[in-house]
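# Working through the structure, step by step
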Amino acid sequence: MTASTARARLEVLAGEFALPPSAVGRLGILLERLAADDRAPTTVRDPVRAVDVHIADSLTGLRVPELRAATRIGDLGSGAGLPALVLAAALPATTVYAVESVHKKAGFIVRSAQAMGLTNVEVLPLRAEEWAASDPAVDVVTARALAPLAVLVEYAAPLLREGGTLVAWKGAPDAEETAGGGEAASLVGLAPLRIDRVEPFPGADEHHLHLYSKVASTPNRYPRRPGMARKRPLGASGRA
């Protein structure tokens, strides 16, 4: 009953988000792995809950035109591969970089990508600040419940091409955090674009996507060395 309920929900999501035919099967495998692998880095493992809390929530990013059109996406702090694996299944022509510095978590993403048959995922067991040294110039950076906005914009700015977009999954908007994100963005070449309210599943009415656009080159002094963005956030720091 559990498996069939989750599968039916995936079918609904596939229609809602215009997913490719292969996505339902691949996302079903991800749900199975989250439930069965004791090393899965999440507390939400029941497929009936996970299909909403993890899959539907990750898919809301597709409501952002800039994300759906991206050819290269960098997902920071991927954890269990969310939203990286979900976006890779939804956008098979897009390369998704799952940036996860904790090696056990990165290993789970690698195993899951292989089980799902995804060939468009590259797992990077690095910190965002370390990846920036390679000048990846991605179209979109995603971050789901990772850090305060002031921290995220500093992580994202050196990774984005000019004109690229940061998409940050957040709960209810916090005025102090939002202001801090805007102030930090002005220092690293980003500008607030908008805040989109999304409802991934019934009752999830305090979910928002915070969008920033890269409008100028990021000064060479950014990113600062690993850990500094969290210890000393730019601008007025907010809460995660």
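Above this text sits the structure in question.
Reading the values: rules and limits
- Residues numbered from 1 in each chain as written.
- Predicted model: local features only at pLDDT ≥ 70, side-chain atom pairs only at ≥ 80, totals over all residues.
- Heavy atoms only, no water.
- Helix = DSSP H or I, 4+ residues; strand = E, 2+ residues; numbered from the N terminus.
- Rg over C-alpha atoms; globule rule 2.2 N^0.38 Å.
- Buried < 20%, exposed > 50% of the residue type's maximum accessible area, 1.4 Å probe, protein only.
- Contact = heavy atoms within 4.5 Å.
- Areas by Shrake-Rupley, 256 points an atom, 1.4 Å probe, with all protein chains shown as cover.
- Lys, Arg positive; Asp, Glu negative; His and termini not counted.
- Charge placed at Lys NZ, Arg CZ, Asp CG, Glu CD.
- Pairing = 2+ DSSP bridges.
- Axes fitted to C-alpha atoms, helices over the stretch in contact; angles between N-to-C directions.
- Core = buried A, V, L, I, M, F, W, Y, C linked by side-chain atoms within 4.5 Å.

## Remarks on the overall build of the chain
The number of helices and strands found in the chain is ten helices and seven strands. A compact globule built from 240 residues should have a C-alpha radius of gyration of about 18 Å, and the chain, at 17 Å, falls within 12% of that. By its C-alpha atoms, the chain is 50 × 35 × 30 Å across when sized along the principal axes. For the chain, with 240 residues in total, the buried portion stands at 56%. The long-range fraction of contacts in the chain, counting pairs at least 24 apart against all pairs at least 6 apart in sequence, stands at 72%. When the accessible surface of the chain is totalled, it reaches about 10100 Å², and 52% of it is carbon and sulfur. For the chain, the centre of its 27 positive side-chain charges and the centre of its 26 negative side-chain charges are spaced 4 Å apart.

## So, the sheet that holds strand β6 (residues 190-198)
Pairing is mixed across the open sheet formed by seven strands, whose spatial order is β3-β2-β1-β4-β5-β7-β6. Two strands in the sheet have a free side with no partner beyond their single neighbour: β3 (121-124) and β6. On average, each strand axis in the sheet is inclined to that of its neighbour by 20°, with strand direction left out of account. Examined bridge by bridge, strand β5 (residues 160-170) and strand β7 (residues 207-214) share six bridges and lie antiparallel to one another. Among the inter-strand pairings, W169 is bridged to a residue of β7, identified as L209. The strands touched by helix α9 (residues 175-188) within the sheet are β5, β6 and β7, with β6 carrying the most contacts at an inclination of about 145°.

## Some details on unusual backbone geometry
Residue P83 is bonded to the preceding L82 through a cis peptide linkage, with omega at 10°. Mapping P83 onto the fold places it in the loop between β1 (72-76) and α5 (84-90). The amide bond that connects Y222 to the next residue, P223, takes the cis arrangement and shows omega of 0°. Assignment of secondary structure puts P223 in the loop between β7 and α10 (228-231). Even without glycine at this site, A18 takes up a positive phi of about 50°. Using a relative accessible area of 57% as the deciding quantity, one classes A18 as exposed. The phi torsion at A137 lies on the positive side, around 50°, for a residue other than glycine. Note on placement: A137 falls in the loop between α7 (128-131) and β4 (138-144). We classify A137 as partly exposed; its relative accessible area is 31%.

## Observations regarding the nonpolar core
A general feature of soluble globular proteins is that nonpolar side chains tend to end up buried together. In this structure, L19, I55, L59, L62 and L67 are the most contacted members of the largest nonpolar core, which totals 50 residues. Element by element, the count of residues in this core is highest for α5, at seven residues. Those residues in contact with L59, other than ones at most four positions away along the chain, are L13, F17, L19, V86 and A90. Within the second largest apolar cluster, 31 residues are counted, among which are W131, Y155, A157 and A185.

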